[in-house]
Amino acid sequence: MKKIAILISGSGSNLEAIAKACFEQRIDGQIKCVISNVPSAFGIQRAKSFGLNAVIVDHSLFKTRDEFDNEIDHVLSKYKIDIVVLAGFMRILGKKITKKYYGKMINLHPSLLPLYPGLDTHAKVLQNRDKNHGISIHYVSSELDAGPIIAQGCISVNKNDTKNDLEKRIHSIEHKLFPKIINDICNEKIYLEDNIVKFSMDKSMQKIYEYYEV
């Protein structure tokens, strides 16, 4: 059974979805620790409600990014983590740690990458009057939101949608898709080889996952 660490900065809604999937044995893995860089993040309370180890690594207490990364690495090493899941983690990790965990670290980003890396994706979608919006789950590389894409989920953007509307609707995709991808990685049905995402499963499933909501 794979040992999982989840890194958060905010409310932890995806943490909750993943934790539920683990407790319901829909993920063949165990969450060994939840790391938050924000001491007041509500996700910490979510973690404790599931009896999970919650570790605070407050980025504001470190003089350099490297020192912060080293402490994150220390926690991951302590729990002998196999898979690192960034679920609403709002700090950019440096090259040293992303290189060490390359192929073992995944991120969920709220856009259809390569569109809109970084912040404020919902606002950008509305500003540009895009017809579609969604999420991307990808392996983490040293370049921001640019690692190999594992899966994407897409929704149609309605005429009167607000940022809150978009966020709510893509959350429904995230909470379905993210746990499934994590389980397939735990079972080595999805893996990274020569910077290419590989699918070791039934031929009908050997494609990028897509969840559509109109």
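One structure accompanies this document, and this report is about it. Nothing here was measured: the structure is a model prediction, and the numbers come from that model. (Residues numbered from 1 in each chain as written. Predicted model: local features only at pLDDT ≥ 70, side-chain atom pairs only at ≥ 80, totals over all residues. Heavy atoms only, no water.)

1. Topic: the state of the cysteines
Note on terminology: disulfide describes a covalent bond linking the sulfur atoms of two cysteines.
Right, on to step 1. In this structure the tally under the stated criterion is zero disulfides.
Right, on to step 2. Lacking any disulfide linkage, Cys 22 is separated from the closest cysteine sulfur, that of Cys 186, by 7.2 Å.
Right, on to step 3. Free of any disulfide, Cys 33 has its nearest neighbouring cysteine sulfur in Cys 22, separated by 12 Å.
Right, on to step 4. Residue Cys 33 is classed as buried on the basis of its relative accessible area, which comes to 0%. (Disulfide = S-S within 2.5 Å. Buried < 20%, exposed > 50% of the residue type's maximum accessible area, 1.4 Å probe, protein only.)

2. Considerations on the pairing of strand β6 (residues 132-139)
Taken residue by residue, a regular strand's side chains alternate between the two faces of the sheet.
Right, on to step 1. Most of β6 is tucked away: seven of the eight residues are buried.
Right, on to step 2. Across four bridges, strand β5 (residues 105-109) lies against β6 in antiparallel orientation. Pairing of Asn 107 across the sheet is with His 138, part of β6.
Right, on to step 3. Both β6 and strand β7 (residues 149-156) contribute to a ladder of seven bridges, which runs antiparallel. Paired with Asn 132 across the bridge in β7 is Ser 156. (Helix = DSSP H or I, 4+ residues; strand = E, 2+ residues; numbered from the N terminus. Pairing = 2+ DSSP bridges.)

3. Focus on the packing of aromatic side chains
Right, on to step 1. Summed over the entire model, instances satisfying the criterion amount to two aromatic pairs.
Right, on to step 2. Plain terms: the ring middles of Phe 23 and Phe 50 are 5.6 Å apart, the flat faces sit at 35 degrees to each other, and that makes the pair tilted. One end of the pair, Phe 23, is in helix α1 (residues 13-23); the other, Phe 50, is in the loop between α2 (42-49) and β3 (54-56), and 27 residues separate them in sequence.
Right, on to step 3. Given the relative accessible area of 54%, Phe 23 is considered exposed.
Right, on to step 4. Phe 50 sits in the partly exposed class, given a relative accessible area of 22%.
Right, on to step 5. Seen in terms of ring centroids, Phe 62 and Phe 68 are 5.9 Å apart; in terms of plane orientation they differ by 70 degrees. Their pairing is edge-to-face.
Right, on to step 6. Given a relative accessible area of 3%, Phe 68 falls into the buried group. (Phe/Tyr/Trp six-rings, centres within 6.5 Å; stacked < 30°, edge-to-face > 60°.)

4. Some remarks on the nonpolar core
Inside soluble globular proteins, nonpolar side chains tend to come together where they are buried.
Right, on to step 1. Val 85 and Ile 150 are the most contacted members of the largest nonpolar core, which totals 41 residues.
Right, on to step 2. Of the residues forming this core, the biggest block, nine residues, is contributed by helix α6 (residues 163-186).
Right, on to step 3. Within the second largest apolar cluster, 20 residues are counted, among which are Phe 68, Ile 72, Val 84 and Phe 89. (Core = buried A, V, L, I, M, F, W, Y, C linked by side-chain atoms within 4.5 Å.)

5. Focus on the pattern of salt bridges
Right, on to step 1. Counted by the stated rule, this structure contains six salt bridges.
Right, on to step 2. A salt bridge links Glu 24 to Arg 26; the nearest nitrogen and oxygen atoms lie 2.9 Å apart.
Right, on to step 3. A salt bridge links Lys 100 to Asp 73, with the nearest nitrogen and oxygen atoms 3.0 Å apart. One end of the pair, Lys 100, is in helix α4 (residues 95-100); the other, Asp 73, is in helix α3 (residues 65-78), with 27 residues separating them in the sequence. (Salt bridge = Lys/Arg side-chain N within 4 Å of Asp/Glu carboxyl O.)

So yeah, pure geometry; function would need other evidence.
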